[in-house]
Every structure is written in C-alpha cells, then in structure tokens.
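Observations on chain architecture
Okay, here's what each chain looks like letter by letter:
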Number of protein chains: 2
Amino acid sequence: MINTTSTKALLFTLALPLFVQAAEPLPSWNEGPAKKAIIEFVQTVTTPDSKGFVQPAERIAVFDNDGTLWSEQPGYFEELFAFDEIRRMAPQHPEWKDQQPFKAVLDNDHKALAEGGMEGLMKIFMASHAGLTTEEFRSNVQAWLSKARHPTTGKPYTEMVYQPMLEVLDYLREQGFKTWIVSGGDTGFMRVFAEEVYGIPPEQVIGSNFVSRYQYNDGKPTILRTDKIAHNDDGPGKPESIDSIIGRRPILAFGNSDGDQQMLQWTAAGSGPRLMGLVHHTDAKREWAYDRDSKIGRLDKALDEAKQQGWTIVDMTSQWSRIYPSEASAAKQP
Amino acid sequence: MINTTSTKALLFTLALPLFVQAAEPLPSWNEGPAKKAIIEFVQTVTTPDSKGFVQPAERIAVFDNDGTLWSEQPGYFEELFAFDEIRRMAPQHPEWKDQQPFKAVLDNDHKALAEGGMEGLMKIFMASHAGLTTEEFRSNVQAWLSKARHPTTGKPYTEMVYQPMLEVLDYLREQGFKTWIVSGGDTGFMRVFAEEVYGIPPEQVIGSNFVSRYQYNDGKPTILRTDKIAHNDDGPGKPESIDSIIGRRPILAFGNSDGDQQMLQWTAAGSGPRLMGLVHHTDAKREWAYDRDSKIGRLDKALDEAKQQGWTIVDMTSQWSRIYPSEASAAKQP
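Here's what I pulled together on the structure shown here. (Residues numbered from 1 in each chain as written. Chains lettered and ligands numbered in written order. Predicted model: local features only at pLDDT ≥ 70, side-chain atom pairs only at ≥ 80, totals over all residues. Heavy atoms only, no water.)

1. Focus on the overall build of chain A
Secondary structure summary: chain A contains 12 helices and eight strands in total. The C-alpha radius of gyration of chain A comes to 22 Å, within 12% of the 20 Å expected for a compact globule of 334 residues. In terms of overall dimensions, chain A has C-alpha extents of about 80 × 55 × 40 Å along its principal axes. Within chain A, buried positions represent 54% of all 334 residues. Within chain A, counting contacts between residues at least 6 apart in sequence, those at least 24 apart form 65% of the total. A total accessible area of about 15100 Å² is found for chain A, and carbon and sulfur atoms account for 53% of it. Separation of charge centres in chain A, based on 35 positive and 45 negative side chains, amounts to 2 Å. (Helix = DSSP H or I, 4+ residues; strand = E, 2+ residues; numbered from the N terminus. Rg over C-alpha atoms; globule rule 2.2 N^0.38 Å. Buried < 20%, exposed > 50% of the residue type's maximum accessible area, 1.4 Å probe, protein only. Contact = heavy atoms within 4.5 Å. Areas by Shrake-Rupley, 256 points an atom, 1.4 Å probe, with all protein chains shown as cover. Lys, Arg positive; Asp, Glu negative; His and termini not counted. Charge placed at Lys NZ, Arg CZ, Asp CG, Glu CD.)

Written as structure tokens, this is what we have:
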C-alpha cells in the first residue's frame, strides 16, 4: 500500500538536516593533528562495524572547566567572583576594613593578598561561598555573572568560553556522548551557567563542594552550605568523583593542567579506544601563554606524561582558528 | 511530489506502537486512587497546554530502593550480602571464629548479632564493603547476586523487585522523565543491578558511600574504598545528595519509610505540580505487612505527614494486582 518512491523522498527529506550537520564538525579547529585525533576517535567509537565501537551509554566524556572550557587568567574567575562578593558584602561587615585578608581585597592590595597565601584565600572563599542556602548562593552567582566584566577584555565571563571546545561538546553530544564537567570549581557556581553556556545540565556538573545540611523550619526546607569542605575536586579528587558520581570510566577526557593528570590517567587506563586531551595555552596574542611556571593552571607533569603517552596536546595557537564565540571566524591557516 | 495518502499510511504505521504502548500504563496497578494520582500527575506535567506543564529537563523523579523498588524483609538485602561475604571470607580470617560480631554471623547466632547492635553491624559492613577497590567490590556483588537466594521465597534477589514500580519507572521515562535512585544503600552495590533490573544507569544511582582514594601503582590506577563513611544517604542525607548531585529539585519522589520523609518534604516544597508517594507494606500474604513498629523500614512519622499533606499512600494490598514480575498477572480486583 505504500508508494515506495514517495516514501523514499519523505525519508530523504527527514534525514537531510543530519547530513548537513555532519558535513563539517569542529569549524573553529584548523586542519591539524588535534582535530584529526578527535574526529578519528569519534568515528571509531561510533561506527557500528568498528572494532572500537562503544555503546552510547558508555560514551562518557569529561571536561575540566577553568582553562579547558573557559579562560582562567589573570585569576580563576570564581576567585574574582569571591573578591567581588567581599566588596559587595563589605557594608554589612565594617570589621573587614581592618581585618586581613578582607582589608587586602577592599584596598585592592595584591601584595597583602599574596602574603595571606592559601589560608587567606580560604577565608575569602568561606565568606563568599559558605553559610548560606544553595538557593541564595545561586542567586548571588547569577547576579554577579549578569553584570561582572573581565578586567582586561571587558567581556562578560560567560563569553570567555572557547568556541572550539563548545564545538567539541556539541559534536560529541550529536554522536551520542554524554558530556560532563569535572572541575576544581564549586559545583553550585558552575551549574549557574553550565547549561546555558555549555549545554551541560546541572546533574552533569561535578566540582568541589561543601558539606551541606538539610534544614526544616516552619514547614520550609532549605539546604545550607556549611563551611566544611566535603570534596576537593582536583588532582586525584577527579577520578574519585568520576567513580563515585558517574560510576563509569570516561572514554574521553580533556584538561589543561596538572590538576587534570589523574583524570586523564584514569581515562587512559580503561580498555578500548580512548582520547586524552590537554589544552596548551600558547597564544599570548589571542588569549594567554603559560604552562610549567604558572601559578594558575600549571601544566608541567601532565605535559610530560602527555608527551610520553601520546595524548593529544592542543596547541592553541596553531590548532584553533578562533578562541571566543564573539570573534569573527578567522580564515583557515594553511 | 509526495503522495499524501501513502505518507499518512507510513506515518500511521510508524506511530502505531507508541499508541499501543500508551493505551494502558501501569497494568499491574488496580484502578484506584494511587494509579489515578500517578497518571493524572504525569498527564498534567507532560501536556503542553496544561498550566502545570514541566519541561522534560526538569522532570526529575527520585525513588528510594529498599522497600520501594524491591523488598527489604527479613533484612535489608545488602545486609544479607554482608553476612554472606563474612562467611565467604572466613577461611582467610581464622580469628573470626572467636571474634564478635563475626562469630555470630558464622554461628548464625541471631541473639549475639542483635546484642552487637549497630556497632557490630558496622564492623560487618566495613569488613565486607571497605578496604578493596571499587572494581573488586563490584565483582563481589555480581558474584553474590548471581547465586544468592532469598531465605524465604527462594528467589534471586533481583527478582524480588516490585512489578508495579518497574511499570512506574518505564511510564515516567516514556513521558520524558529522568529516573533516579536515592537510597540509603551503598551506591556501588546498587549500581551492579540497577541498570539491568530498573533501567537506571550508574550515573543516576545515588546512595551512601565511603571516602574513596585514587591510587597509582606501576602505571595502573585503582580507586580504593576506604573505611571512612563519606555520606549516609538516609533521612536529611537524601535532599542533601539530591541537591549536591542532581542540582535540581525533583517533581516526583517515592519512598516507603521515615528515612524518605525529608526527600518527600524537599520535593513537596517546590512550586508547581508535585507527586509524593509512599509504598505502604500492608500485604502479609503476598509480601510483608509492617509500618510503625518495624525495625526495618519503619514508617511512622512519614505516614502521619503523608496523611496530613495528602501525599499518595500506596496500600500494597488494594492497589497492586501483582507484586513480583514472576507472578502471573492477577485478575483485576473490582
């Protein structure tokens, strides 16, 4: 009863958008070893006849955030948020004017801040990140993101994401992957923008977090962020949280610093095809150039291991034709 | 160019299985208030014109496991696993013959075991659940599930799941929900069977867990389950883990005991349509009957709150036409 010719026509019409979409993945990547490695890997694991075929449910891809999906200079953006929060909250804390490390933030005194070291930084984090409900914190992050601008580019922070990495995320999801963030940043902080900016829903965002406490007052439940750290999602903390929260081993992992080394090792140690990638910040002109000697996003041991193991090192200068979504797409390099 | 009649015929053919599927959801539920509440809720949140429409991404449904998705008598099945593990490991631990609480397990001495209380039980849990890698633990659980049989029914434990709840899980997923387990049980334990038995993938299983530790020896990374408890996913621990791991508030939650009360409160306190359900174990003939005075799965405070708040109480005897998948479907009750 079915007219075969017209049925084929219909099916062709329906299928066409998919073919168009698949025509050129990763348009902001130059033709080079990194793009080639990503596309070949994806084709291997998604081709049903391939020896390396991986069921969609097992196509787990994990990404660090700072320095891998968005910039992290001149300081981690979440740290800049914490400083701005101290300034915003200062009127309610007159004692901060004479109290380090808060005084240093209010006076914009980089030297005193540096002298406060990690201990000082933790106090700033606690004051801005703990002792409030998860909903209040989300609302604070939203308010900040909507008006804060990056100190050197003047861009909203959520526009300082890497266009080539957004394309990797899209490409992987089109090919049946589930994409996750696994980052040292605060889970609640990243969830505020991850869905809109990266297409990654809250339940696929893993980060550092505080012990939370359920409270029930007058029939109204809230969840308090206490000042006790529950998990530091950096270094070995990354494979630990991947195993605890995802419960499957990723087949693709992307990072940019020594804090991602263990996540890449854990990914590499599984059987079958794998892709381990490192974004290498080499582009002082369009972004920043730093690696072994940087305090932020130091890439040293992981770079050595990547070279030894043949992981994919993405030289930002040569492999990316543009950095941020707002840039016009550059002409392809030869 | 397209023959309209034949196209309609094609589309009708393609669409038919969906209509058939949707014709009668929840076949093992009797026509009654519980089935009615579930179907009306799902229709409300999935009907685009409805005032209560909820976007698919926000259709989060959470389920307790023990007593909600599978039976929990005469003891939590994971506890029975722990006892069997002690017996299996005893040859490597000759000292256990004279050491409580292990001696009680080996002698099948219920009185001594009861005397050991929670402290004794924790020692048994630690010996069977900690100090091994996550992969070793998974393999132990797999081996146990494949051969262990329930002491009174003689069934494999994975066949003591509730057919009506499997149908709820399927129905919700067909309607665009993401289904999660949020349970006091060990996350790694439940993940071994949750995907095959419930259709719930590892990354949607939340439970109690131990602090884990990444280890790297001779190029081989492993993740050790230490004997330090990271999270007790019971009572207030449930909304805490929902917020921390899912990062969205559920619109549907199902439990069966006081340990689920806070999860149901947290779900109820969101805006828009909600469904809070409690499986009430009233069927001594087909399953077990217990509530306010039970040591296992005590349902007391949550039952009071459910009655006050109008939550859906599922009276197992009258609402379920069959309990386990292996039973023939019973004739509908009038």
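After that view, the rundown keeps rolling.
2. Describing the relation of the copies chain B and chain A
For the match of chain B to chain A, the screw axis carries a shift of 0.0 Å, the RMSD comes to 0.0 Å, and the turn is 180 degrees. On the angle and the small slide along the axis, the relation comes out as a two-fold axis. Residue by residue, 100% of the interface of chain B is reproduced at the interface of chain A, so both copies engage with the same surface. (Least-squares fit on C-alpha atoms with pLDDT ≥ 70 in both.)

3. Brief notes about the sheet that holds strand β5 (residues 220-231) of chain A
Hydrogen bonding along the main chain pairs the strands of a sheet, whether they run parallel or antiparallel. Taken in spatial order, the eight strands of this open sheet run β2-β5-β4-β3-β1-β6-β7-β8 (chain A), and their pairing is mixed. Strands at the two margins of the open sheet, each flanked by one partner only, are β2 (132-133) and β8 (312-315) of chain A. (Pairing = 2+ DSSP bridges.)

4. Re the interface of chain B and chain A
Tallying the contact residues gives 40 residues for chain B and 40 residues for chain A. Where chain B abuts chain A, roughly 3500 Å² becomes buried across the two surfaces, and 52% of that area is made up of carbon and sulfur atoms. Contact with chain A buries surface across chain B, with B:E203, B:Y214 and B:E240 losing the most and accounting together for 18% of the total. Across the chain B-chain A interface, the total number found is eight salt bridges. The partner of B:R248 in a salt bridge is A:E203, with the nearest N and O atoms 3.0 Å apart. (Buried area = accessible area lost by both parts, 1.4 Å probe. Salt bridge = Lys/Arg side-chain N within 4 Å of Asp/Glu carboxyl O.)

5. Things to note about the sheet that holds strand β8 (residues 312-315) of chain B
Residue and element names in this part refer to chain B. Taken in spatial order, the eight strands line up as β2-β5-β4-β3-β1-β6-β7-β8 in an open sheet, and their pairing is mixed. Edge strands, defined here as strands with exactly one partner in the open sheet, are β2 (132-133) and β8. Relative to strand β4 (residues 205-217), strand β3 (residues 178-186) is paired through three bridges, and the arrangement is parallel. Across the sheet, residue D186 finds its bridge partner in β4, namely S208.

6. Considerations on the side chain of B:T187
On the secondary structure map, B:T187 appears in helix α8 (residues 187-198). In this view, B:T187 contacts A:S244, B:V205, B:I206, B:G207, B:S208 and B:N209; residues no more than four positions away in its chain are not counted.

7. With respect to the packing of aromatic side chains
Between two aromatic rings, the relevant description is the distance of the centres plus the angle of the planes. In this structure the tally under the stated criterion is 34 aromatic pairs over all chains. A ring pair is formed by A:W29 and A:W320, whose centres lie 5.8 Å apart and whose planes are at 75 degrees; its orientation type is edge-to-face. Taken together, the positions of A:W29 in the loop between α1 (4-23) and α2 (33-46) and A:W320 in the segment after α12 (316-319) put the pair 291 residues apart, joining distant regions of the chain. Ring plane angle 70 degrees and centroid distance 5.3 Å describe the contact between B:F81 and B:W144, whose orientation is recorded as edge-to-face. On the criterion of sequence distance, the pair formed by B:F81 in helix α3 (residues 77-89) and B:W144 in helix α6 (residues 134-147) is long-range, its members being 63 residues apart. The burial state of B:F81 is the same as that of B:W144; both residues are buried. (Phe/Tyr/Trp six-rings, centres within 6.5 Å; stacked < 30°, edge-to-face > 60°.)

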